[in-house]
Amino acid sequence: MSQLWEYAPAPESRDIANLKPSYKMFVDGKFVEGSGEPLKTINPGTEEVLAEVSTASPSDVDTAVKAARRAYDRVWGRMAGTERAKYIYRIARLIQERSRELAVLESLDNGKPIKESRDVDVPTAAAHFFYHAGWADKLPYAGYGPDPRPLGVAGQVIPWNFPLLMAAWKIAPALATGNTVVLKPAETTPLTALVLAEIIQQADLPPGVVNILPGAGDIGAALVEHADVDKIAFTGSTEVGKLIQRQLAGTGKKLTLELGGKAANIVFDDAPIDQAVEGIVNGIFFNQGHVCCAGSRLLLQESIAEEFLEKLRVRVSTLRVGDPLDKNTDVGAINSREQLTRIQELTAAGEAEGAERWTSSCPLPDKGFYFAPTVFSGVSQAMRIAREEIFGPVLSVLTFRTPDEAVAKANNTPYGLSAGIWTDKGSRILWAAQKMRAGVVWANTFNRFDPTAPFGGYQESGFGREGGRAGLEAYLDV
Amino acid sequence: MAAAPSTSPLAPLPPALADAVRDDASLRRFLHGLPGVDQVGVEQRAAGLATRSIKKAAKMWAIDTAISMVDLTTLEGADTAGKVRSLAAKARRPDPDRPDVPRVAAVCVYPDMVATAKAGLEGTGVHVASVATAFPSGRSIMPVKLADTRHAVEQGADEIDMVIDRGAFLSGDYGAVFDEIKQVKEACGDAHLKVILETGELATYDNVRRASWLALLAGGDFIKTSTGKVSPAATLPVTHVMLQAVRDWRDLTGELRGVKPAGGIRSTKDAIKYLVAVHEVAGPEWLTADLFRFGASTLLNDLLMQRRTQLDGHYSGPDYVTVD
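For clarity, every value in this text was computed on a predicted model and none was experimentally measured.

1. Focus on unusual backbone geometry
So, point 1. Here the bond from F135(B) into P136(B) is cis, since omega is -5°, no more than 30 degrees from zero.
So, point 2. Mapped onto the fold, P136(B) is located in the loop between β3 (127-132) and α7 (142-154).
So, point 3. A cis geometry characterises the amide bond from S231(B) onward to P232(B), with omega recorded as 0°.
So, point 4. As for its placement among the helices and strands, P232(B) is situated in the loop between β6 (222-224) and α12 (236-253).
So, point 5. Its identity is not glycine, yet N287(A) carries a phi of approximately 55°, on the positive side.
So, point 6. With respect to the helices and strands, the residue N287(A) is situated in the loop between α9 (273-285) and β12 (297-301).

In structure tokens form, the structure reads like this:
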């Protein structure tokens, strides 16, 4: 971009986050010190410490599960749906009331740009509670029999890419169906889940209905293994998902997994080109590419490949990378040094394997974890950057000649979470969507999330659905 | 269908485009071969870009740039010489208390008011723009439209804002619209031609894209959204589509053509959203009055009030700027 018109910095005030020096875990309706080693959560945009957070030990997991069981047996499991709905609506409204605080805190702790936490994460989190509140007294009409019963205590483990939103995806359907919850937020992003705990306290939920335990993977494992948990819901890496499934085999616990992805975005030659460019950019650079359903593989029809790539590079070079709190930032910080290293390692492998690398020349801040938007062209199916989930702002571009070849390449992955189809031809959308092995197929758009639409994967992307009527099944005894 | 375009284009077109205007059938094939516009996508992008937060020095720059891009417009049946004279005075010195405020780009009037506007703007560098070709409906015969244009040019108009025959366009008679624009362009002589597409009547973004290319192929120096007499007038997504057209035209020919949204842009906030779109959709080189204009009557005063707010640190109110 030229220097003709430099946008002045427009940072959102970090005071709005009401950041506290220390945060405690939430068990049985109270904030208590955990007996685990406290962790320091940092701002990935600047690498400074934000707050100290107490973490759970395995014995705290047991206390929390017992509290959840008590709450299930005595109150929540037997409460009328109309009454549960009131609590859930209250949570939704409080999220809206505290939306600015949550958005700023999310950007501080996670590194995502404020425009995304403000316009996507927080409103969608509220929407999930509103939507599921509506189901609480209508479960007999959900298609799971005249009086579907809850499962009991749900153990939930969520990732760092959408900390608040993933908590909402997990907690809202569990509460609506009458389950109680023990949730473990990700180690690097515990803060908004703990503010959600404050909201749950504010909403006057009975003690023990929701318990939130910060901690590392060992606490997740302790929760998964706990004998009195009836259901495990996990969102995260395929590697950990496989471990969990192995652990739960034969226990009778119900399991849903939402894991990795390597989604293909297929652009046919009759696509609305300008909007397709926009959609591809949104598909891979939204949330720094830290999206399990990110459109990380672009499949371009050869007849338009060159022209399209040129337009794509021009567009990507206008992305503004930097301070997550600046309202004009398009791409924020990578969530952790560990993740940044992984992205660097995989992009180096892409170069070593002979793909052509193009990286935006945008300026990057001196401090913090940043990675400039990168597009690899000349990628083949055999390369690591076409097969492995990079989980960063890196797009791999492949080409195809015929629709059949496009579908074959799109499906040629052990994953199957999402896919995108770009064409002006309605019949081709329907044809391709039927052939695609992916839980979500977007047509002429990408990364749209709505609580009414079920979300989930095929194969190594996991099983079970979240959202919509189908998502209720994961928390009902059916 | 009208006769095939008879004369060769004014400036030589690159081979791909020269073929496009060879005859009616080629023109139709070319326009219908342009990539489609996805309505949801373009509206989403326009709304997303409209959330840019422009503050401090960037805002001050935007306000001054926007003032310099205003085509100060009066297009009423009730226009009088007195009204046009005072508008010319406003154009010369938008904020009498602040001589450093840039002048607007042009004053836009009906053809019979061109001489009056010209006299009021002598030596200022502010252009006189005149609507022509049976503005706003465009429903007249070609000789009348051409006479309308020639009259305005003879009276001293520097710029002509013509309307296209939307009826011909919507019935698929692209050749007729092409011929019409080309003939008006010839009648303009040295005056710059802005082609009003009246996007509110074209209804679809695909049509806006086709009409934009048609106007560019026929030699329009600017493509303009609206007359201001039809609702909706200018919108951000429509302007996005037109900015994409001039950007693609530049990529293909190396030539820079302009865009003018007109009608409905009333506030500084709105104007800044348009400038952000110019900056990020077409590119920074379009951020000049030679390539981007606002057709507006009330926008200027809001820009002046916001400019004062920026400099004085407080809002002054509408009584501190002149009404015309």
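2. Examining the domain arrangement of chain A
Residue and element names in this part refer to chain A.
So, point 1. Domain annotation for chain A reports domain 1 (14-259 + 458-475) and domain 2 (264-443).
So, point 2. Going through the elements one at a time, α3 (99-110) and α4 (114-135) are the ones with two or more residues in the side of domain 1 that touches domain 2.
So, point 3. Taken together, the residues that form the side of domain 1 that touches domain 2 break down as seven nonpolar, nine polar and seven charged.

3. Some points on the sheet that holds strand β4 (residues 39-42) of chain A
Within a beta sheet, neighbouring strands are joined by backbone hydrogen bonds and run either parallel or antiparallel to one another.
Residues and elements named next belong to chain A.
So, point 1. The strand order β1-β5-β4 describes an open sheet built from three strands, whose pairing is mixed. In this open sheet, the two edge strands, each paired with only one partner strand, are β1 (22-23) and β4.
So, point 2. The pairing of β1 with strand β5 (residues 49-53) spans two bridges and is classified as parallel. In the sheet register, Y23 faces β5, and the bridge partner there is V53.

4. Overview of the nonpolar core
So, point 1. Ranked by size, the top nonpolar core spans 153 residues in total, and within it I88(A), I95(A), L164(A), I266(A), V267(A) and L299(A) carry the most contacts.
So, point 2. For this core, the element with the most residues is helix α5 (residues 163-176) of chain A, which contributes eleven residues.
So, point 3. Setting aside chain neighbours within four positions, we find V267(A) in contact with A276(A), L298(A), L299(A), L300(A), Q301(A), F308(A) and W422(A).
So, point 4. Of all hydrophobic cores here, the second largest spans 104 residues; its members include F169(B), L214(B), V259(B) and F294(B).

5. A word on the sheet that holds strand β17 (residues 440-443) of chain A
Residue and element names in this part refer to chain A.
So, point 1. With mixed pairing, the seven strands of this open sheet are ordered in space as β13-β14-β15-β12-β11-β16-β17. Two strands bound the open sheet, and with one partner strand each, they are β13 (356-359) and β17. Within this sheet the neighbouring strands show an average axis-to-axis angle of 20°, counted without direction.
So, point 2. The pairing of strand β11 (residues 264-267) with strand β16 (residues 418-422) spans four bridges and is parallel. Note on β16: the bridge partner recorded for I266 is I421.

Reading the values: rules and limits
- Residues numbered from 1 in each chain as written.
- Chains lettered and ligands numbered in written order.
- Predicted model: local features only at pLDDT ≥ 70, side-chain atom pairs only at ≥ 80, totals over all residues.
- Helix = DSSP H or I, 4+ residues; strand = E, 2+ residues; numbered from the N terminus.
- Domains from an automatic or database assignment.
- Nonpolar A, V, L, I, M, F, W, Y, C, P; charged D, E, K, R; others polar.
- Pairing = 2+ DSSP bridges.
- Core = buried A, V, L, I, M, F, W, Y, C linked by C-beta atoms within 7 Å.
- Buried ≥ 20, exposed ≤ 12 C-beta atoms within 10 Å, placed from the backbone.
- Contact = placed C-beta atoms within 7 Å.
- Axes fitted to C-alpha atoms, helices over the stretch in contact; angles between N-to-C directions.

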